[in-house]
Amino acid sequence: MSTGNEKTRRQRRKFTAQYRHEAARMVIDSGRTIAEVAQELGLGPQLLGRWVKAEKETMTPSTLSPDEREELKRLRKENADLRMDNEFLGKAAAFFAAKHQ
């Protein structure tokens, strides 16, 4: 018999090393925040943050020059801005298409 005080437990999910690696690389390579990627993947941000930290520790030191690093930083920002513009334009097109009918 249940007393009503028992909390239902969620079964703990297990992730493969490959999945953890790929999730962490999504954050590192895309320049998006841990919170954004965690929400997209249905993970807790703390968990993904640990994976990102572990992945960064295993990465070999970068051989990029300071100029290349600066360009990479600029390109990542530009890429993020273009993604937001694209998303906005898609929503605007859908709005006007629906309004036109």
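Bear in mind that the values here come from a model prediction, so they are computed numbers and not experimental data.

What about the pattern of salt bridges?
Thought 1: Tallied over the entire structure, the rule returns six salt bridges.
Thought 2: Notably, a salt bridge pairs E40 with R32, separated by 2.5 Å at the nearest N-O pair.
Thought 3: On the basis of relative accessible area, R32 is assigned to the partly exposed category, the value being 25%.
Thought 4: A salt bridge links R74 to E78; the nearest nitrogen and oxygen atoms lie 3.2 Å apart. One end of the pair is R74 and the other is E78, both in helix α4 (residues 66-100) and four residues apart, which spans about a single turn.
Thought 5: For R74, a relative accessible area of 46% puts it in the partly exposed group.
Thought 6: Using a relative accessible area of 37% as the deciding quantity, one classes E78 as partly exposed.
Thought 7: The network of salt bridges with shared partners includes R25, D29 and E55.

A short note on the UniProt feature "coiled-coil region" (unreviewed entry) in the chain
Thought 1: In the UniProt entry, the feature "coiled-coil region" (unreviewed entry) is given for residues 65-92.
Thought 2: Here residues 65-92 runs as 96% helix and 0% strand, with 40 Å between its end C-alpha atoms.

What counts and how
Residues numbered from 1 in each chain as written. Predicted model: local features only at pLDDT ≥ 70, side-chain atom pairs only at ≥ 80, totals over all residues. Heavy atoms only, no water. Salt bridge = Lys/Arg side-chain N within 4 Å of Asp/Glu carboxyl O. Buried < 20%, exposed > 50% of the residue type's maximum accessible area, 1.4 Å probe, protein only. Helix = DSSP H or I, 4+ residues; strand = E, 2+ residues; numbered from the N terminus. UniProt positions renumbered as here; feature names shortened; annotations may be inferred.

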